[in-house]
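Report on the structure
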Amino acid sequence: MPKMFFGTLGTETNTFSPIPTGWNAWENFLLVRSRDEDPGRMDPVAYFRPVAEKRRWKITRGLLAYATPSGMTPKPVYESLRNELVSDLKAAMPVAGVMLLLHGAMVAGDYDDCEGDLLEHIRKLVGPDIPGGAVLDLHANVSDQMLAQASVLVGYKEYPHTDIYQRLENLFHIVADAAEGKTRPVMHSFDLPIIGGSYHTNREPMRGLVREMEDLEKQDAVLNVWLAHGFEYGDVPFLGVRMVAITDNDPALAKEIAEKMGRRFYAMRNEAVSRPDTMKNCLIRAIAAPKGPITIADTADNAGGGAPSDSTFFLEEMMARKIENAGIASIWDPVTVSICEDAGRGACLPLRIGGKLGPASGNPMDVTATVIGLADNVRQELGGSQMSMGRCAAVKIHLSENRTRDTSPECGIDVILSQFRTQPVAPTIFTELGIDPTRKKILVVKSNQHFYAAFEPISADILYAGGMGALQSDMRSIPYKRVDTQRFWPFVEDPLTRKTE
């Protein structure tokens, strides 16, 4: 029975973030060693093992390591994780194939391209003939080194990422077919001079582009087609957007598809990119709406892009406007969580909330609040993955001194405080703390798009707010130091035409 090795090592690195992706970040999200029998809450292998067994393949699992997006990973931490994963593979050999779940935008001290470096180490170990590949986040900055060292790179197609395990299954079949001699995968990428913004695949024109990619894959010779949107907060020289096509031993077809689909995306770039409104305009629209919940995405403080997730701009504005029957999820404030735990459910006390990580977080808010919910391990699900917020507290901020004991749902602003810095992706962030989000007029979620799949069914409308916080939606305001911005849209209106002239 042929053996497939599987491991994961990934995070999305915001090189402008002051928060290092050190050991705590890995341990708080996902760090499971090969010797650990039970992977716990997140086991990617469990989703494609039945598929492998049906094909009579054995799966051997190595290190599983993933971290919430932050700043750069310290060099010793990355090298330790990389070496552990490579050692796991060495211990598992001989193998017929290698599968990895990576990100594609991980940066560490002295390593601009962690994925390319890891893939090179693995290629040196297994040799040139063993097929190996990786599933990448669509916000990958795909490098030439990644393309050179992997047999195949398969990326998510959906944003929000509801297709993670579908792509793992795609990768398994491609690598297994190659190992069995059924196919000979070849890759080609079309490099687009675009600094990627936010491209939501749940709406047109991106929805149509995804359908086109899926239709192409129905051809026998086409194994996979996907778009790497790029990660604009990674200040690395190979930042950008790439269209990737994989065919069965037909490099000309791969090149044709990658360029055709790449130019298709380039033509729609202005229409496809998301442009958030201001915080104040979103609140005005939400207040005027005839019914709720109106869900507002606080995109500038999205932990999923490396933001601190402790900004208070929305809270301050909502308190100034005396907006009630509202909820905010979530503010990263482990110190205040501990204070609420010590005070206990039902306690009414003064609290200082958020605003701790720097100017992009706003001012800490001094409030009078009642502890209305406590939970030891609040979990959410995105695309089959369990994400832990750790210990959390829900507090009701009172906007009137006469109602400091009123804990009815329509009173005040309910705020979720979390131990771990993770973006809210599901209404369970409220419900596990005893709050019914469907009864709120306004919900503010510190996320860019991953919240959409789970919040859309309960929302009367969804709005996107940007500007106030660490993540700027206008790429032209990002202070790049290592990227030649004059080669890219939106800094240049039509760089692809200029490049080919």
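Here's what I pulled together on the structure shown here. (Residues numbered from 1 in each chain as written. Predicted model: local features only at pLDDT ≥ 70, side-chain atom pairs only at ≥ 80, totals over all residues. Heavy atoms only, no water.)

Attention now moves to the pairing of strand β3 (residues 58-66). Counting buried positions along β3 yields eight of nine residues, so the element is predominantly enclosed. Sheet analysis places strand β1 (residues 3-10) next to β3, joined by seven bridges and oriented parallel. Among the inter-strand pairings, Gly 10 is bridged to a residue of β3, identified as Tyr 66. Bridge count for strand β2 (residues 30-32) against β3 is three bridges, and the pairing is antiparallel. Paired with Leu 31 across the two strands is Ala 65, which belongs to β3. (Buried < 20%, exposed > 50% of the residue type's maximum accessible area, 1.4 Å probe, protein only. Helix = DSSP H or I, 4+ residues; strand = E, 2+ residues; numbered from the N terminus. Pairing = 2+ DSSP bridges.)

Burial analysis of strand β16 (residues 413-418) places six of its six residues in the buried class, the great majority of the element. Of the two faces of β16, both are covered, the one formed by Ile 413, Val 415 and Leu 417 as well as the one formed by Asp 414, Ile 416 and Ser 418. Direction of pairing for strand β12 (residues 326-332) relative to β16: parallel, over a ladder of five bridges. By the bridge assignment for β16, Ile 328 is matched with Val 415. Here strand β15 (residues 385-397) pairs with β16 via six bridges, running antiparallel. In the strand pairing of β16, Ala 393 is matched with Leu 417.

Now for the nonpolar core. In this structure, Leu 153 and Phe 172 are the most contacted members of the largest nonpolar core, which totals 73 residues. With eight residues, helix α6 (residues 164-179) is the largest single contributor of residues to this core. Not counting residues up to four positions away in its chain, the partners in contact with Leu 153 are Leu 119, Ala 134, Leu 136, Val 142, Met 146, Leu 147, Met 187, Trp 226, Val 244 and Ile 246. Of all hydrophobic cores here, the second largest spans 36 residues; its members include Ile 328, Ile 331, Ile 413 and Leu 463. (Core = buried A, V, L, I, M, F, W, Y, C linked by side-chain atoms within 4.5 Å. Contact = heavy atoms within 4.5 Å.)

Helix α8 (residues 251-267) packs onto helix α7 (residues 206-216) with a crossing angle of 170° between their chain directions and a minimal axis gap of 11 Å. The angle between α7 and α8 places the two elements in the roughly antiparallel class. In this structure, α7 contributes Met 206, Leu 209, Glu 212, Met 213 and Leu 216 to the contact, and α8 contributes Ile 257, Met 261, Arg 264 and Phe 265. Counted by class, the contact of α7 with α8 contains seven nonpolar, no polar and two charged residues. (Axes fitted to C-alpha atoms, helices over the stretch in contact; angles between N-to-C directions. Parallel < 35°, antiparallel > 145°, perpendicular 65-115°, else oblique. Nonpolar A, V, L, I, M, F, W, Y, C, P; charged D, E, K, R; others polar.)

Across the sheet, three strands lie side by side as β7-β9-β8; this open sheet has antiparallel pairing. Strand pairing shows two members of the sheet lacking a second neighbour, β7 (185-192) and β8 (222-228), which therefore form its edges. Across the sheet, the axes of successive neighbouring strands diverge by a mean angle of 10°, strand direction being ignored. When β7 meets strand β9 (residues 241-248), the two strands line up antiparallel, connected through eight bridges. By the bridge assignment, Met 187 is partnered in β9 with Ile 246.

Let us look at the sheet that holds strand β17 (residues 442-445). Strand order in the open sheet formed by nine strands is β10-β18-β11-β17-β12-β16-β15-β14-β13, with mixed pairing between adjacent strands. In the strand order of this sheet, the two ends are held by β10 (277-278) and β13 (348-353), each with one partner. Taken together, the five bridges between strand β11 (residues 294-298) and strand β18 (residues 461-466) define a ladder with parallel strand orientation. Paired with Asp 298 across the two strands is Ala 465, which belongs to β18.

Structural measurements only, silent on function.
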